[in-house]
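A closer look at the structure
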Amino acid sequence: MNGILSSVPSAYLSLGLALCMYSLPLASKTVGPEDIIPRPVKTEVKEGTYVLPGNDFSSVRVQVGDRRFARELSSMSLEPYQKDELYRLTIDSYGVKIEALTEDGAYRGRQTLSYMKSLSDTLRHCTVLDYPRFRYRGIMLDISRNFRDKEYIMRQIDVLSKVKINYLHLHLTDDAGWRMQIDSYPRLTSVAAYRNGETWQDWSANGRTYEPATHGGFLTKDDIREILEYAEQRHMTIIPEIEMPGHSRELLVAYPQLACTEEDGTTRVITSDVCPGTEATFEVLEAILDEVIELFPSKYIHIGGDEASKGSWKKCPACHKRMEEEGLSSVEELQSYLIGRIARHVEDKGRSIIGWDEIMQGGLAKNATVLSWRGVTQGAEAMSLGHDVIMAPSAWCYLDYYQDAPMHQPLAIGGYNPLRRVYSFDPADGIPENDRAHLLGEQGNLWAEFIPTAEHNEYMLYPRAMAIAEGGWSPLERKDFEDFHRRIIPLTDWMTENGYHPFDVRKEYGDRPESYRRVQHLALGCPVTYRIPFSKKYHGGGQTALTDGKQGGWSYMESAWQGFNSDVDFTVDLGAVKPVHYVGAWFYSCLGNWIALPETTEIYLSTDGENFECASTLTCQIDETGRRDTFFSMFGSPLNAEARYVRVKCYRGTKPYHGFIFLDELVVN
Ligand code: ACM
Ligand code: ZN
């Protein structure tokens, strides 16, 4: 916390300086390689400038695979994938030269040049030697929850390729809509691409039903061919995701024969999970994947694998039979059976699967690549087992979380993941040296439940996607948030001028002001005893969280907030009998994340730790019904008493939506 406290003022100071410095070259309109994202490995800027004529780069000399250049590089210890994307860009009075070992490398050099040229026609004389830290730099777009069309996707490919993102993962299917033409199963689009409700929220409120020709849409195969060609020209791979066995309600509505049955063996139950017991599931999924594989050239085919509830499997006779026949002892192993079988099918076609990290449950399919989203430990474990991993832990890489103060932002799914935090992520942190060869890179994920429009989608993506791009490309020692922030501004200005809708970092409000201040009060540093334990996951600092003077930020995660998946009951020992004039705390509310205010809060005082008297009862006056935004409420009470022990009890009460209670810093004065 000291680090955070002390870094804030200096951050703003150096940011101010950086902005002044930036304004000089902009005023004289010269741009150099130090102005681009991702920050190149090595740059040397010289005296002089060069104006690149025209826009077609026809004057640029490009040399690919020159032997002398290859010999020059031979003393450098680089991985083959780094050599593939390596380039050297030279700008001098003779013009521009790009040298590379492959076409990929030459393209990366062109991207650097074109980025610089989009900021100014006048380029500084320089030499740039550049190659990526990781081979995989990805962004995921969720076009199921709210459909985005081919024009939207191609526009994002344009700008993402500008910052050397080389994988675009499309989440094509989910409960909220199937988004890809499949010829052998036309109901996937005629029925399941359209829903009753324009937005995801409307659809949820309307009972999650589907209705042909209402709200939605899908990509035709021709659309996809166009997107693929566009991406290929920009040296970007599109990874299609066909989600299974969970998040598949739309598939079951279109083809109910893939659903589990009740114990009677005939009545279908439409959950979100397909039935791994019936052969129809494999027949349909494999036929779908065959069409996907025929269309998409990507080596990787993403098959989902996350958040299957597996509830229907426990009762379904077909699932029971499958488990018996295959000697499977748990529903986790049943999931692993499905993923393993699908993985073999994909491999028979010469491709390999990526799955969300739950595919590890019950045994990980051979050759599967794991997309680690719940945290980094899942990815670390997969690497230790010899599997390739892409890191996308939600706490740093989820771009659907709030990027600034929730009350100043459009409604989001929750959390708080500002640019600085996304930028701070290092996918290799804590990974043993021996396992790092399996670390392919990192990815940012933009889930779209709460993102109804194209403009809003861009607003959530940018500039955080650029932090992922730099994290995936630039060497760790070249990463510097203040310098990155300086470079973000001209890029997002260019984007705005070109019709994009990025968040303006100059308007950033920043973290919750209370989180920067250490609060002084009577209970500071006093021991707390819990009659009901706090959540292990959301401990907020553990045993001392409520009296350490630190207060929570905008996020209940990775912060000082302490969570209870229960009522609350704890006692603070002030060390001696003292006058007590006030007891109170901040409470966190975000029904979307199952966090609600307590219905009642009671404050008890005692001088001996045995006889407690209720000094105050607070009843929640805030109606949270229908809300899902993040907000903060202070519950406290003026008192006039003497006490050594302060006991606080919070009751969840009878509200149907109650999950967690989160509070922070029990302030006693
Ligand atoms: C996920 O966020 N359920 C992968
Ligand atoms: Zn079943």
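Details of the structure are given in the entry above.
Values in this document were obtained by computation on a predicted structure and should not be read as measured data. (Residues numbered from 1 in each chain as written. Chains lettered and ligands numbered in written order. Predicted model: local features only at pLDDT ≥ 70, side-chain atom pairs only at ≥ 80, totals over all residues. Heavy atoms only, no water.)

A few words now on the overall build of the protein. Assigned secondary structure in the protein consists of 19 helices and 25 strands. Whereas a compact globule of 669 residues would reach a radius of gyration of roughly 26 Å, the protein reaches 28 Å, a difference of no more than 12%. Across its three principal directions, the C-alpha atoms of the protein cover 85 × 70 × 50 Å. Relative to its full complement of 669 residues, the protein shows a buried share of 61%. If you take every contact in the protein between residues at least 6 apart in sequence, the share linking residues at least 24 apart comes to 74%. For the protein, the accessible area works out to roughly 26,400 Å², and carbon and sulfur atoms hold 50% of it. (Helix = DSSP H or I, 4+ residues; strand = E, 2+ residues; numbered from the N terminus. Rg over C-alpha atoms; globule rule 2.2 N^0.38 Å. Buried < 20%, exposed > 50% of the residue type's maximum accessible area, 1.4 Å probe, protein only. Contact = heavy atoms within 4.5 Å. Areas by Shrake-Rupley, 256 points an atom, 1.4 Å probe, with all protein chains shown as cover.)

What follows covers the environment of G32. Note on placement: G32 falls in the loop between β1 (30-31) and β2 (42-51). In sequence terms G32 and M323 are 291 residues apart; their C-alpha atoms lie 62 Å from each other. Excluding anything up to four places from it in sequence, G32 contacts M116 and R124.

Ideal geometry at a metal gives 109.5 degrees between four tetrahedral donors and either 90 or 180 degrees between six octahedral ones. At the metal site, the zinc ion (ligand 2) is ligated by C260 (SG), C275 (SG), C316 (SG) and C319 (SG), and these contacts range over 2.2 to 2.4 Å. Around the zinc ion (ligand 2), the four donor atoms are arranged such that angles at the metal cover 108 to 112°; this shape is classified as tetrahedral. Each donor residue of the zinc ion (ligand 2) belongs to the same chain, and together they define the spacing C-x14-C-x40-C-x2-C. Pair noted here: C260 is in the loop between α9 (249-254) and α10 (279-295) and C316 is in the loop between β14 (300-304) and α11 (317-326), with a separation of 56 residues, a long-range link. Of the two residues examined, C260 and C316, each falls in the buried class. (Donors = N, O, S within 2.8 Å, 3.2 Å for Na, K, Ca; no water. Tetrahedral: all angles 85-135°; square planar, octahedral: opposite > 155°, others 65-115°.)

By the definition in use, this model includes 39 salt bridges. D222 is the partner of R225 in a salt bridge, and the nearest nitrogen-oxygen pair spans 2.7 Å. Here the residue R225 and the residue D222 both occupy positions in helix α8 (residues 221-233), the gap between them amounting to three residues, near one helical turn. Overall, the relative accessible area of 45% leaves R225 in the partly exposed class. The exposure class assigned to D222 is exposed, which follows from its relative accessible area of 52%. The partner of D290 in a salt bridge is K349, with the nearest N and O atoms 3.5 Å apart. Remark: K349 occurs in the loop between α12 (331-348) and β15 (352-356) and D290 occurs in helix α10; sequence separation between them is 59 residues. On the accessibility criterion, K349 (40% relative accessible area) is partly exposed. Salt bridges linked by common partners bring E34, D35, R39, R124, E470, R478, D483, R486 and R487 together as one network. (Salt bridge = Lys/Arg side-chain N within 4 Å of Asp/Glu carboxyl O.)

Summarising burial for strand β13 (residues 237-244): seven of the eight residues are buried, a large majority. Where strand β8 (residues 167-171) and β13 come together, five bridges link them in parallel fashion. If you follow L170 over to β13, its bridge partner there is P240. Both β13 and β14 contribute to a ladder of two bridges, which runs parallel. Bridge assignment links M244 to a residue of β14, and that residue is G304. (Pairing = 2+ DSSP bridges.)

What follows deals with the packing of aromatic side chains. Enumeration according to the criterion identifies 32 aromatic pairs in this entry. Ring centres 5.1 Å apart and planes at 85° place the aromatic pair Y185 and Y255 in the edge-to-face group. Here the residue Y185 occupies a position in the loop between β10 (177-178) and α6 (187-190), and Y255 occupies one in the loop between α9 and α10, the gap between them amounting to 70 residues. Among the residues examined, Y185 registers a relative accessible area of 14% and is labelled buried. Considering the side-chain rings of F282 and Y337, the 5.9 Å spacing of their centres and the 80° angle between planes classify their relative orientation as edge-to-face. (Phe/Tyr/Trp six-rings, centres within 6.5 Å; stacked < 30°, edge-to-face > 60°.)

A few words now on the sheet that holds strand β18 (residues 439-446). Spatially, β7-β8-β13-β14-β15-β16-β17-β18 is the arrangement adopted by the eight strands of the closed barrel, whose pairing is parallel. Here the strands of the sheet are splayed against their neighbours by 30° on average, with no regard to which way each runs. With five bridges joining them, strand β7 (residues 136-142) and β8 adopt parallel strand pairing. Within β8, the position partnered with D142 by the bridge is H171. Of the strands in this sheet, β13 and β14 are in contact with α10, which crosses β13 at around 170°. (Axes fitted to C-alpha atoms, helices over the stretch in contact; angles between N-to-C directions.)

Summarising burial for helix α17 (residues 464-473): ten of the ten residues are buried, a large majority. Of all the positions in α17, only R464, A465, M466, A467, I468, A469, E470, G471, G472 and W473 are classed as buried.

Counted under the stated rule, the structure contains zero disulfides. Not engaged in a disulfide, the cysteine C650 finds its nearest cysteine sulfur in C620; these two sulfurs lie 11 Å apart. Taking the relative accessible area as the measure of exposure, C650 reaches 0% and is therefore buried. (Disulfide = S-S within 2.5 Å.)

Attention shifts here to the layout of surface pockets. Looking at the second largest pocket, its volume works out to about 460 Å³. Forming the walls of the second largest pocket are 22 residues, and the residues nearest its centre are D104, N166, Y167, M236 and T237. Counting only elements with at least two residues in the lining of the second largest pocket, the list comes to α3 (80-85), α4 (103-119), α8 and β13. When residues in the lining of the second largest pocket are grouped by element, the largest group, four residues, is from α8. (1 Å grid on protein atoms, 1.4 Å probe; cavity = no way out; pocket = protein on both sides within 12 Å on 5 of 7 lines; lining within 4 Å. Points joined across faces, edges and corners; volume = space filled by probe spheres on them.)

Here the focus is the side chain of H125. Along the chain, the position of H125 falls in strand β6 (residues 122-130). Within the structure, H125 has its side chain in polar contact with the backbone nitrogen of S93 (distance 3.5 Å). Apart from the residues lying within four places of it in its own chain, the contact partners of H125 are E44, V45, K46, E47, G48, T49, Y50, I91, D92 and S93. (Polar contact = N/O pair within 3.5 Å; in protein donor to acceptor, adjacent residues only side chain to side chain.)

Treat this as a map of the structure, not an account of what it does.
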